[in-house]
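Below are the chains, spelled out letter by letter.
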Amino acid sequence: MKEEHDNSCNRIKGQLDSYLKDTLDPAQSSFIEKHIAGCPLCSAELDRLENHIFAESGTTKANQEELRRIENRFAFKVSENLLAVLCAVLVGWYGIFGLLLPRIFADERMEKVEGMQYAIQDLILFTEPGAKIADRSGYVGYGYINLYTKGAFESNLVGGGKKITEFDWAVPIYWGKSDFKRTVRFEGKGMGFSFKNARGKSTLTDKWDQIESYGNGTRTQIALYLESPISLEEMERILRKINADSNECWMALDTGDLQLKETFSTAVASMPEWGFPLYIPLTPATADTISYSSDGKSRFMHGGGGDVYDLRKISEYFKSEMKAFERSSSLFDDKSLTEEIRKINNFLDSNPVKIRGAILAAPSSDILKLMDETGITRIDILNVDFDYSSKR
């Protein structure tokens, strides 16, 4: 046993120099430390080597241990300072992007918020025939980098179904590109329609008979196709003739020979049908020309609060709002959409507004008054319901 112990000590002593220089692997160092803890001879040899090294370097073991303590305190202080710097950076980031920049760019941010709201509103009103806002919970939310908005709108289909379009939009406050997501789903068995691509003539006699079968006390919404574009005065005559419900009417705009796109690169709007409703909300573009209702609160007006069938005045609001839409459409980051709106605006600047089709809603008995109109080539029945009120 003594011989084995001596051999072990000899091996340990031969490795002490490497141990002090920290060149051994962890397993070897751990073995030496356990041996030294139970071997006075090797422990003494380790002390001798340490003192020899300290003597050569001009320091004592106590000094060396003090240096180690100083190094540890220094490392702790550095870590503490780095943590403080990191916290300061985070606080500074929040102060700059969460407090300072939003205040500096408050006007720009509010302009973008309003621009987003009105761009979506105009997109709905002017490219989706008969569309109405369906999700009243739509909102604009604030982030440090982006503004967010989401919502939905719906329109009736031929046969009584509905088309639901939902959007989710993020617009950068300071820099970067916007992100617009648009999804479409359908409810019911209805089918879509297009004023641009109407195929052939419907059997008008059968449609009139169908509407007549609904009887009194019902209201019918139809898509009306015309043989050729008509003037605003002529369309206004038709509206008055059937006592149209101005809340549910939409005019398809005649754009002459303009070559317009069928869709846009970012799918902001697919298969757009350009036109306008009779029911146009107030925006900064039209607020100075539309009077408020008597309660002073309503932001939704018909023809300046006067004649709900005054298409000339309503078309002027439409043209004014299209100018604003040209500017706000840049938030979509879709140059083709902005260029399309500009093209239409240039056309409207040099040509009178004409109507090539319409969505009309009125009591079924009044819709039948259109039977003697010679310019109608086709009608599609979109919706039939009880006529709950005669209020227009």
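Only a predicted model underlies this, so the values are computations on that prediction, with no experimental measurement involved.

Engineer: If you had to explain the packing of aromatic side chains to someone new, which residues and values would you point to?
Structural biologist: Scanning all chains against the criterion turns up two aromatic pairs. Ring geometry for F126 against F318: centres 5.0 Å apart, planes inclined by 80°, an arrangement best described as edge-to-face. Here F126 is found in helix α5 (residues 106-127), whereas its partner F318 is found in helix α8 (residues 311-328), with 192 residues between them in sequence. We note that F126, like F318, is buried. Taken together, the ring pairs connect F126, F276 and F318 into an aromatic cluster.

Engineer: I'd like a rundown of the nonpolar core, residues and numbers included.
Structural biologist: The nonpolar side chains of soluble globular proteins are, as a tendency, buried together. Membership of the largest hydrophobic core comes to 60 residues, with the highest contact counts inside it found for M235, L239, M251 and L360. By residue number, the principal contributor to this core is α5, which donates seven residues. Not counting the four nearest positions on each side in its chain, M235 is found in contact with I230, M251, L311, I355, A358 and L360. Counting residues in hydrophobic clusters, the runner-up holds ten residues, among them I32, I36, L46 and L49.

Engineer: So what's going on with helix α7 (residues 232-241)? Which residues, and what values?
Structural biologist: Listed in full, the buried residues belonging to α7 are L232, M235, E236, I238 and L239. Angular distribution of buried residues about the axis of α7 spans 160°; they occupy a single face of the element. On its buried face, α7 is in contact with β6 (218-231), β7 (250-253), α8 and β11 (354-363).

Engineer: Can you tell me about the pairing of β6, naming the residues and giving the values?
Structural biologist: Within β6, ten of the 14 residues are buried, which leaves the element mostly enclosed by the surrounding structure. Pairing geometry for β6 and strand β12 (residues 376-386), over nine bridges, is antiparallel. Bridge pairing in β12 places T220 opposite V384. The pairing of β6 with β11 spans nine bridges and is classified as antiparallel.

Engineer: So what's going on with the side chain of D122? Which residues, and what values?
Structural biologist: Considering the arrangement of structural elements, one finds D122 in helix α5. D122 has contacts with T127, E321 and F325, leaving out every residue within four places of it along the chain.

Engineer: Describe the confidence of the model for the protein chain, listing the residues and the values that go with them.
Structural biologist: On average, the protein chain scores 76 in pLDDT, and the residues at 70 or more come to 70%. For the protein chain, the element scoring lowest by mean pLDDT is strand β10 (residues 300-302), at 40; α7 scores highest, at 95.

Engineer: So, the sheet that holds β12: which residues are in play, and what are the values?
Structural biologist: Taken together, the five strands give an open sheet; going across it, the order is β8-β7-β11-β6-β12, and neighbouring strands pair in antiparallel fashion. In this open sheet, the two strands that pair with only one neighbour each are β8 (275-277) and β12. In this sheet, adjacent strand axes meet at a mean angle of 15° when their direction is disregarded. Helix α6 (residues 204-214) contacts β6 and β12 of the sheet and is inclined by roughly 20° relative to β12.

Calculation notes
Residues numbered from 1 in each chain as written. Predicted model: local features only at pLDDT ≥ 70, side-chain atom pairs only at ≥ 80, totals over all residues. Heavy atoms only, no water. Phe/Tyr/Trp six-rings, centres within 6.5 Å; stacked < 30°, edge-to-face > 60°. Helix = DSSP H or I, 4+ residues; strand = E, 2+ residues; numbered from the N terminus. Buried < 20%, exposed > 50% of the residue type's maximum accessible area, 1.4 Å probe, protein only. Core = buried A, V, L, I, M, F, W, Y, C linked by side-chain atoms within 4.5 Å. Contact = heavy atoms within 4.5 Å. Arc of directions from axis to C-beta. Pairing = 2+ DSSP bridges. pLDDT = per-residue confidence, 0-100. Axes fitted to C-alpha atoms, helices over the stretch in contact; angles between N-to-C directions.

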